[in-house]
Amino acid sequence: MITKSKQTMYWTRLTHDDWSIYIAATATGLCYVGSQDKPFEELDDWAKKKFSGCDMIEDDEKLQTYAKELIEYFEGQRQSFTVPFDFHGTPFQLAVWNALCEIPFGQTQSYSDIANAINKPAAIRAVGTAIGANPVLVTVPCHRVIGKNGSLTGYRGGLDMKTKLLQLERTYAVLTGSTPNHV
């Protein structure tokens, strides 16, 4: 009889300045970045759906590399992430999430821009659904997607968090001489 070993997910609460988020990783990479100021239950509920039966262990040390890159981002010292990811989705979701990673720091794109980028121009609503399923906020920058008319649209972390992230990027883009658009 072949048995599959139980997967372990390590988690911590990252608190830095006025940021407070839960993050989690497997042995493969970062699998979850939570919403600003949300309780542990947000992570726990997500883990039960996506990693059913996994052992969840609080371990600040195992998450140190991921926390370091997030802190660097929050301080304006990092514009993209180099940590490995362990996210699972449909091929369509993965295409959308990869397209999000191509949006430059301090810039925004519309849902239709993302649909066009993945060669699915008619799939604007499906793109929105895939973006809403992004498990790793901030690091896969779904906050950089706005409505075609420039309006802020839904965000799993809430519009306050989205606004805060866009303002952070606008501030640091100006300081570094980047040219932000739409933010």
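Numbering of residues starts from 1 in every chain and runs along the sequence as written. Note on the predicted model: pLDDT of at least 70 is required for a residue's local features to be given, and 80 or more for side-chain atom pairs to be given and counted; whole-chain, interface and lining totals, by contrast, use all residues. Excluding hydrogens and water, the side-chain values take into account all heavy atoms of the structure.

Quick look at the UniProt feature "domain: Methylguanine DNA methyltransferase ribonuclease-like" (unreviewed entry) in the chain now. UniProt positions are given in the numbering used here, feature names are shortened, and annotations may be inferred rather than shown by experiment. Listed under "domain: Methylguanine DNA methyltransferase ribonuclease-like" (unreviewed entry) in the UniProt record, and renumbered for this structure, are residues 9–87. Helix numbers and strand numbers start at the N terminus; a helix is a DSSP run of H or I with at least 4 residues, a strand a run of E with at least 2. The distance separating the terminal C-alpha atoms of residues 9–87 is 12 Å; by composition the span is 28% helix and 29% strand.

Adjacent strands of a sheet form backbone hydrogen bonds with each other and so pair up, either parallel or antiparallel. Only strands that DSSP links by at least two bridges are regarded as paired with each other. As summarised here, the arrangement of the four strands in space is 3-2-1-4, forming an open sheet in which the pairing is mixed. Unpaired on one side and paired on the other, strand 3 (30–33) and strand 4 (55–58) mark the two borders of the sheet. Neighbour to neighbour, the strand axes of the sheet diverge by 25° on average, direction disregarded. Each of strand 1 (8–16), strand 2 (19–25), strand 3 and strand 4 touches helix 1 (residues 40–50); the most contacted strand, strand 1, lies at about 155° to it. Every axis corresponds to a line fitted to the C-alpha atoms, with the helix fit spanning only the stretch in contact, and the corresponding angles, defined between N-to-C directions, vary from 0 to 180 degrees. The criterion used for residue contact is that any of the two residues' heavy atoms lie within 4.5 Å.

This part covers the UniProt feature "active site" (unreviewed entry) in the chain. Those places that UniProt annotates as "active site" (unreviewed entry) correspond, in this numbering, to Cys142. Tracing the sequence through the fold places Cys142 in the loop between helix 5 (124–132) and strand 6 (145–146). Residues contacting Cys142, with those up to four places away along its chain left out, are Leu100, Ile131, Asn134, Leu137 and Tyr155.

Here the focus is helix 3 (residues 91–100). Residue exposure (1.4 Å probe, protein chains only): buried if accessible area is under 20% of the type maximum, exposed if over 50%, otherwise partly exposed. Within the span of helix 3, buried status applies to Gln93, Val96, Trp97, Ala99 and Leu100. All buried residues of helix 3 project into a common sector of 160° when viewed along the axis, lining one side. Each C-beta atom gives one direction from the helix axis, and the arc is the one those directions make.

The subject of this paragraph is unusual backbone geometry. With a phi angle near 60°, Asp37 is a residue other than glycine that sits in the positive phi range. Within the secondary structure layout, Asp37 lies in the loop between strand 3 and helix 1. On the basis of relative accessibility, which here comes to 51%, the residue Asp37 falls in the exposed class. The residue Val138 is not glycine, and still its phi comes out positive at about 70°. With respect to the element layout, Val138 can be found in the loop between helix 5 and strand 6.

Residues Ile23, Val33, Leu70, Phe74, Val96, Leu100 and Val138 are the most contacted members of the largest nonpolar core, which totals 41 residues. When residues of this core are traced back to their parent elements, those giving at least two are strand 1, strand 2, strand 3, helix 2 (64–74), helix 3, helix 4 (111–117), helix 5 and helix 6 (159–176). Residue contributions to this core peak at five residues, all from helix 2. All domain edges in this entry derive from an automatic or database-based domain assignment. Among the domains, domain 1 (8–75) and domain 2 (91–176) are the pair contributing at least three residues each to this core. If we skip the residues at most four places from it in the chain, Val96 touches Ile114, Ile118, Val127, Ala130 and Ile131. The next biggest cluster of nonpolar side chains, apart from the first, holds eleven residues, and it includes Met9, Tyr22, Trp46 and Cys54. Joining through side-chain atoms within 4.5 Å is the link that ties buried Ala, Val, Leu, Ile, Met, Phe, Trp, Tyr and Cys residues into a set, and such a set is a nonpolar core.

A separate point is the environment of Leu159. You can see Leu159 is positioned in helix 6. Relative accessible area serves as the criterion here: at 42%, Leu159 is assigned to the partly exposed category. Put simply, Leu159 and Ala133 are 26 residues apart on the chain and 16 Å apart in space, counted from C-alpha to C-alpha. Ignoring any residue separated from it by four or fewer positions in sequence, one finds Leu159 in contact with Leu152, Thr153 and Gly154.

Relative orientation of the contacting elements helix 3 and helix 5 amounts to 80°, with a least axis distance of 9 Å. Taken together, helix 3 and helix 5 sit at an angle that is classed as roughly perpendicular. Contacts from Phe92, Gln93, Val96, Trp97 and Leu100 of helix 3 reach helix 5 at Ala126, Val127, Ala130 and Ile131. Class assignment of the residues belonging to the contact of helix 3 with helix 5 gives a composition of eight nonpolar, one polar and no charged. Each angle receives one of four descriptions, namely roughly parallel if under 35 degrees, roughly antiparallel if over 145, roughly perpendicular if within 65 to 115, and oblique otherwise. Ten residue types, Ala, Val, Leu, Ile, Met, Phe, Trp, Tyr, Cys and Pro, are classed as nonpolar, four, Asp, Glu, Lys and Arg, as charged, and the remainder, Gly among them, as polar.

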